[in-house]
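Residues per chain, in single letters:
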Amino acid sequence: MPESLPPVRVLLVEDDELMRRSFTVALERYGYRVTAAADGLTGLESFRDDDGFDLLVLDVMLPGLDGIGLCRRVRETSLVPVLMMSARGDGLDVVAGLEAGADDYVVKPVDTYVLVARIRSLLRRASYAPAPGGEPATGPEDVLTFGDLTVDTGGMEVFRSGTPVALTPTELKLLLEFAAHPGIVLDRHTLLRNVWEYGWDGDSRVVDLAVQRLRKKLGRERIETVRGFGYKLRR
């Protein structure tokens, strides 16, 4: 019989006890193994004590250390996928969370099936990353070069002037989407559909802020804004 895969491990940080229990029960029903924390500092301690989490779900409003600060602390050492939960979908919390390095967000109250769908999408993006210590077979056709930028689509590695660039799973998938269409303008709705897997009109801010983060890592000139249309990767 084939060996079963270990359960996906989720760190959930939510201060509302009722919501924390509800989300934990719901996620465990879908087969996830959940570790729950009630505040940001406890969540950070749990994360630092255990490097085996596959994904983090962080509420924005947390006592002690809020979700945005927690996300920043996580991003200092890890590229683990992060999903933010915000009670104010049209507020500054969303922008701040995405700027801090979160991959996506949901607005509370959130239905379980929506939360699970966003988690599954994030985990699929994370599967783009190479396994630690792996030796993927890479041929010349897998290596794309754009100026000082090299994208190894086989090994899922990115180099700028020969130096490795650390990208989150979402940033990597976004870059791969651009690299597959060099010089072609991709509008935000296309990127939301192909990278974030939104089957409906999503919030274009996730695209804009992910592009901003890519520019900081790859050089601002590498991804061009075509006003009124979208973005394109310069050849």
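A quick note: this is a predicted structure, and the numbers were derived from the prediction, not measured. (Residues numbered from 1 in each chain as written. Predicted model: local features only at pLDDT ≥ 70, side-chain atom pairs only at ≥ 80, totals over all residues. Heavy atoms only, no water.)

Enquirer: Whenever I open this one, the nonpolar core confuses me. Can you help?
Expert: In a soluble, globular protein the nonpolar side chains are often hidden away together inside. Leu-56, Met-84, Leu-174, Phe-178 and Trp-196 are the most contacted members of the largest nonpolar core, which totals 52 residues. The element that contributes the greatest number of residues to this core is helix 8 (residues 205–218), accounting for seven residues. Grouped together as the second largest cluster of nonpolar side chains are 17 residues, Val-10, Phe-23, Leu-83 and Val-110 included. (Core = buried A, V, L, I, M, F, W, Y, C linked by side-chain atoms within 4.5 Å. Buried < 20%, exposed > 50% of the residue type's maximum accessible area, 1.4 Å probe, protein only. Helix = DSSP H or I, 4+ residues; strand = E, 2+ residues; numbered from the N terminus.)

Enquirer: How should I be thinking about unusual backbone geometry in this particular structure?
Expert: Excluding glycine, most residues fall at negative phi; most peptide bonds, likewise, are trans. Along the chain, Lys-108 connects to Pro-109 via a cis peptide bond; the corresponding omega equals 0°. We note that Met-156 has phi near 55°; this positive angle belongs to a residue other than glycine. With respect to the helices and strands, the residue Met-156 is situated in the loop between strand 7 (149–152) and strand 8 (157–160). When its relative accessible area of 22% is taken as the criterion, Met-156 is described as partly exposed. For Ser-161, which is not a glycine, the phi torsion comes out positive at approximately 55°. Counting through the fold element by element, Ser-161 comes out in the loop between strand 8 and strand 9 (163–164).

Enquirer: Would you mind going over the pattern of salt bridges with me for this structure?
Expert: Once their charged atoms are close, side chains differing in charge can pair, the charge on each being opposite to the other. Under the defined criterion, the tally for this structure stands at 16 salt bridges. Across the pair Glu-171 and Lys-217 runs a salt bridge whose closest N-O atoms are separated by 2.7 Å. Here Glu-171 is found in helix 6 (residues 169–179), whereas its partner Lys-217 is found in helix 8, with 46 residues between them in sequence. (Salt bridge = Lys/Arg side-chain N within 4 Å of Asp/Glu carboxyl O.)

Enquirer: How do you make sense of the sheet that holds strand 9 when you look at a structure like this?
Expert: Strand-to-strand pairing in sheets goes through backbone hydrogen bonds, with the strands running parallel or antiparallel. Spatial ordering of the open sheet is given by 6-7-8-9, a layout of four strands whose pairing is antiparallel. At either margin of the open sheet sits one strand with a lone partner, and together these are strand 6 (143–146) and strand 9. Strand direction decides the pairing type here: strand 8 and strand 9, joined by two bridges, are antiparallel. Along strand 9, the bridge assignment pairs Phe-159 with Pro-164. Of the strands in this sheet, strand 6, strand 7 and strand 8 are in contact with helix 6, which crosses strand 7 at around 100°. (Pairing = 2+ DSSP bridges. Contact = heavy atoms within 4.5 Å. Axes fitted to C-alpha atoms, helices over the stretch in contact; angles between N-to-C directions.)

Enquirer: I'm lost on the side chain of Asp-103 in this one. Help?
Expert: Turning to its location among the elements, Asp-103 is positioned in the loop between helix 4 (92–99) and strand 5 (104–107). Within the structure, Asp-103 has its side chain in polar contact with the side chain of Thr-168 (distance 3.5 Å). Separated by 2.8 Å, the side chains of Asp-103 and Thr-170 make a polar contact. With near-sequence residues (within four places) excluded, Asp-103 lies in contact with Arg-75, Val-80, Pro-81, Val-82, Leu-98, Leu-122, Arg-125, Thr-168, Thr-170 and Trp-196. (Polar contact = N/O pair within 3.5 Å; in protein donor to acceptor, adjacent residues only side chain to side chain.)

Enquirer: Sorry, what's going on with the sheet that holds strand 11 (residues 223–226) here?
Expert: If you trace the three strands from one edge of the open sheet to the other, you get 10-12-11, paired in antiparallel fashion. Only two strands of the sheet have a single partner each, and these edge strands are strand 10 (186–187) and strand 11. In terms of strand pairing, strand 10 meets strand 12 (residues 230–233) through two bridges, oriented antiparallel. Within strand 12, the residue paired with Asp-187 across the bridge is Gly-230. The strands that helix 6 touches are strand 10, strand 11 and strand 12; relative to strand 12, the one it contacts most, it runs at about 75°. Sheet strands in contact with helix 8 are strand 11 and strand 12, and its direction is about 145° off that of strand 11.

Enquirer: For this particular structure, what's the right way to read the packing of helix 4 against helix 8?
Expert: In a packed pair of helices, the relevant descriptors are the angle between the two axes and the axis-to-axis distance. Packing of helix 4 against helix 8 brings their axes to within 9 Å, and their N-to-C directions diverge by 30°. The two elements helix 4 and helix 8 meet at a crossing, and its hand is right-handed. In contact with Val-94, Val-95, Leu-98 and Glu-99 of helix 4, helix 8 contributes Arg-205, Val-206, Leu-209, Gln-212 and Arg-213. Per-class residue counts for the contact of helix 4 with helix 8 are five nonpolar, one polar and three charged. (Left-handed = near helix turned anticlockwise from the far one by under 90°. Nonpolar A, V, L, I, M, F, W, Y, C, P; charged D, E, K, R; others polar.)

Enquirer: In this structure, what is going on with the packing of helix 5 (residues 112–126) against helix 6? I would like to understand it.
Expert: It is at 8 Å that the axes of helix 5 and helix 6 come closest, and there the two elements cross at 70°. It follows that helix 5 is roughly perpendicular to helix 6 by the angle criterion. Two packed elements cross with a definite hand, and for helix 5 against helix 6 that hand is left-handed. Every residue of helix 6 that contacts helix 5 at Leu-122, Arg-125 and Ala-126 is listed here: Pro-169, Thr-170 and Lys-173. Across the contact of helix 5 with helix 6, the residue classes break down as three nonpolar, one polar and two charged. (Parallel < 35°, antiparallel > 145°, perpendicular 65-115°, else oblique.)

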